[in-house]
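Descriptive structure summary
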Amino acid sequence: MASLTSQLPILLFLFVTAFTSADSQSFIGVNYGQVADNLPAPAATAKLLQSTAIKQVRLYGSDPDVIKALANTGIGIVIGIANGAIPSLAADPNAAVQWINSNVVPFYPASNITLINVGNEVLFSNDQGLISQLLPAMRNVQSALAAASLGGKVRVSSVHAMTLLSQSDPPSSGRFNPALVDVLKGLLAFQRDNASPFAVNPYPFFAYQSDPRPETLAFCLFQPNAGRVDPGSGIKYMNMFDAQVDAVKSALNAIGFNDIDILVAETGWPYRGDSNEVGPSVENAKAYNGNLIKHLRSMVGTPLIPGKPVETYIFALYDENLKPGPTSERSFGLFKPDLSATYDAGLSKSSQTPSTPSGTPSPKPTPSPKPTTSSKWCVPKTGGVSDAQLQANLDYACGHGIDCSAIQPGGACFDPNTVASHAAYAMNLYYHTVGTDPMNCDFSQTATLTSTNPSYNSCVYPGGGSTSKLPFEAGKVDTMSINGSSKVGNLLSIRNKVLVYLFLFLIYSLSL
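The shown structure was predicted, so the numbers you read here are calculated from the model rather than taken from an experiment.

**Quick look at the layout of surface pockets**
Space inside the largest pocket adds up to approximately 820 Å³. Along its surface, the largest pocket is lined by 35 residues, and Met 162, Asn 201, Pro 202, Tyr 203 and Gln 244 are the ones closest to its centre. For the lining of the largest pocket, the elements supplying multiple residues, two or more each, are helix H8 (204–210), strand E9 (228–229) and helix H10 (240–254). Each residue belonging to the lining of the largest pocket can be placed in one class, and the counts come to 19 nonpolar, nine polar and seven charged.

Now the structure itself:
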């Protein structure tokens, strides 16, 4: 057996590789639409993307200039095949071969093409001829990839509108339109065989437009709210994004495809609209996209897909000034043609993402949260604050990167085991972690600052000079249990321990 000394460099390389690759999950993407006459050059766009946390780009076509500009950037590229091309691809396998040889082979692997979407919202078109041709087209494209030795490297899918669901509220009742179930079963069987994701376009923005109440807006923007309990599952949902994704998950489960991954191909919020449009504003767009990014980074997943983020593409990179329809249709851009940000959605690589509109009385994280030693403590107001609101505050605080292990079973602050006590600890820790701006102790006007130290026994509340350099740990995640209560775990910490134990085991084995 080789000596331990000779093997250590290899072991160290494998260990470091495993450690870093686990941290490089690419689940934040952006849609790069091109229905405009004022877009920056592809090369400039590639540099812009590299300066952000965006790891995936979805194109609606296969513009070679854009694909070439993204070469060697490490950014994943999703390309699209137009609905109009589906009939020819379905009818002639050679047409699919030619398409792959023209649009994929010349660029791969320098340009990291990961997925091909055959058509966009085809089932929504109600064109029965086109719908019947979708699966044959996808099969021919898959065969063409295999012929080019790209099978398993580039996946094949299609994007669907949420109108595919005949029922979505509550999420546990999610079901597909019965008229489309047979078609969907064929598509999903193909996708199961080829390990490709089911791509959908959930938009909480449209849900708010159909129910423009303040509590619905907070629910859609990931802001503190009372939550909504799904009577079918008992799960308490705290935001519309999770509810919409889980409705799709329930629909997949109902027809026997619970093993299919969901990909969010589009979601976003317009920053501008016409006078008769409800919801568009810079504040709301900043809140939705900023909190969505933070939610994805938290690794919390959704109640039905816990512990991992759903791969999500935000609409859109730029405004598309030639699109028809209301002003909002041309106002989803995260960046302007001069490459400046429309607003700060927290996409810089070092950002922790700002989240709440300035006019909304709720917590507002700063871009660079740091622990503080302010001689103030953030606690719930006495009287008039419901347990539901305190639970929402608790979920919000623990879901935004702070270490809530002290209020878990066995923790120093677990007893008394009440929502009020746990919320008080979490709200104060949030306040001292993200920064002692009074707005960070607002929680929809349910919290207040006090100079009386609420610490008791061995439960120490940060503040008053007693803080001990609390780290802002993005790996701390808040997952939802069946009754909506918080279960806080440190997934990254567990993973790192496993890697360390594996490394030590390998060294031990080689020393025998």
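**What to know about empty space enclosed by the protein**
A complete count under the given rule lists two cavities of 30 Å³ or more for this structure. Lining the second largest cavity are Phe 241, Asp 242, His 295, Leu 296, Gly 301, Thr 302, Pro 309 and Val 310. When residues of the lining of the second largest cavity are traced back to their parent elements, those giving at least two are H10, helix H11 (282–297) and strand E12 (301–302). Here the residues of the lining of the second largest cavity sort into four nonpolar, three polar and one charged.

**Describing the pattern of salt bridges**
Pairs can form between side chains of opposite charge once their charged atoms are near each other. Applying the stated criterion to the full structure yields seven salt bridges. One salt bridge connects Asp 261 with Lys 308, and the closest N-O pair in it is separated by 3.5 Å. Pair noted here: Asp 261 is in the loop between H10 and strand E11 (262–267) and Lys 308 is in the loop between strand E13 (305–306) and strand E14 (312–314), with a separation of 47 residues, a long-range link. Taking relative accessible area as the criterion, Asp 261 reaches 44% and is therefore assigned partly exposed. In the salt-bridge network here, residues are joined through shared partners; they are Asp 211, Arg 213 and Glu 215.

**Focus on the state of the cysteines**
Applying the stated rule across the entire model yields three disulfides. A disulfide bridge connects Cys 378 with Cys 441, and the sulfur atoms are separated by 2.1 Å. Judged by the sign of its S-S torsion, about 95°, the cystine formed by Cys 378 and Cys 441 is right-handed. A residue pair is termed long-range when its members are at least 10 positions apart, and Cys 378 in strand E15 (residues 377–380) and Cys 441 in the loop between helix H13 (419–434) and strand E16 (447–450) qualify at 63 residues.

**Details of the nonpolar core**
Core analysis: the biggest nonpolar cluster contains 97 residues, and Ile 116, Val 118, Val 141, Phe 176 and Phe 198 have the highest contact counts within it. No other element matches helix H6 (residues 128–147), which puts nine residues into this core. For Ile 116, the contacting residues outside a window of four places in its chain are Ile 79, Ile 81, Trp 99, Ile 100, Val 104, Val 141, Leu 145, Val 154, Arg 155, Val 156 and Ser 157. Listed in part, the 27 residues of the second largest apolar core include Leu 390, Cys 398, Cys 404 and Tyr 425.

**A closer look at the packing of aromatic side chains**
Each aromatic ring pair is specified by the distance between its two centres and by the angle formed by the two planes. Enumeration according to the criterion identifies 16 aromatic pairs in this entry. A connected cluster of aromatic rings, assembled from ring pairs, spans Tyr 203, Phe 205, Phe 206, Tyr 208, Phe 222, Phe 241, Trp 269, Tyr 288, Phe 315 and Phe 332.

**Focus: the sheet that holds strand E2 (residues 56–59)**
The eight strands lie next to each other as E1-E2-E3-E4-E5-E8-E11-E14, forming a closed barrel whose pairing is parallel. Neighbouring strand axes in the sheet, compared pairwise and without regard to direction, differ in orientation by 25° on average. Relative to E2, strand E1 (residues 28–32) is paired through four bridges, and the arrangement is parallel. What sits directly across from Asn 31, in E2, is Arg 58. Helix-sheet contacts for H10 involve strand E8 (198–201), E11 and E14, and the interaxial angle to E11 is about 135°. H11 rests against E1, E11 and E14 of the sheet, and its axis sits at about 160° to E14.

**Looking at the packing of helix H5 (residues 93–103) against H6**
Helix-helix packing is characterised by the crossing angle of the two axes and by the distance between the axes. It is the contact of H5 with H6, at a shortest axis distance of 8 Å, that shows an interaxial angle of 55°. Taken together, the axes of H5 and H6 are oblique relative to one another. Of the two possible hands of crossing, H5 and H6 adopt the one that is right-handed. Note on element contacts: H6 touches H5 through Asn 140, Val 141, Ala 144 and Leu 145, opposite Pro 93, Ala 96, Val 97 and Ile 100. Of the residues assigned to the contact of H5 with H6, the class counts are seven nonpolar, one polar and no charged.

**Description of H10**
Taking 1.5 Å per residue as the helical rise, H10 with its 15 residues ought to reach 21 Å, and the 21 Å between its terminal C-alpha atoms agrees with that figure. In terms of burial, H10 is largely enclosed, as 13 of its 15 residues are buried. In the segment just after H10, Gly 256 is the residue with positive phi, at about 90°.

Cut-off values and rules
Residues numbered from 1 in each chain as written. Predicted model: local features only at pLDDT ≥ 70, side-chain atom pairs only at ≥ 80, totals over all residues. Heavy atoms only, no water. 1 Å grid on protein atoms, 1.4 Å probe; cavity = no way out; pocket = protein on both sides within 12 Å on 5 of 7 lines; lining within 4 Å. Points joined across faces, edges and corners; volume = space filled by probe spheres on them. Helix = DSSP H or I, 4+ residues; strand = E, 2+ residues; numbered from the N terminus. Nonpolar A, V, L, I, M, F, W, Y, C, P; charged D, E, K, R; others polar. Salt bridge = Lys/Arg side-chain N within 4 Å of Asp/Glu carboxyl O. Buried < 20%, exposed > 50% of the residue type's maximum accessible area, 1.4 Å probe, protein only. Disulfide = S-S within 2.5 Å. Core = buried A, V, L, I, M, F, W, Y, C linked by side-chain atoms within 4.5 Å. Contact = heavy atoms within 4.5 Å. Phe/Tyr/Trp six-rings, centres within 6.5 Å; stacked < 30°, edge-to-face > 60°. Pairing = 2+ DSSP bridges. Axes fitted to C-alpha atoms, helices over the stretch in contact; angles between N-to-C directions. Parallel < 35°, antiparallel > 145°, perpendicular 65-115°, else oblique. Left-handed = near helix turned anticlockwise from the far one by under 90°. Expected span 1.5 Å × (residues − 1).

Geometry only, nothing functional implied.
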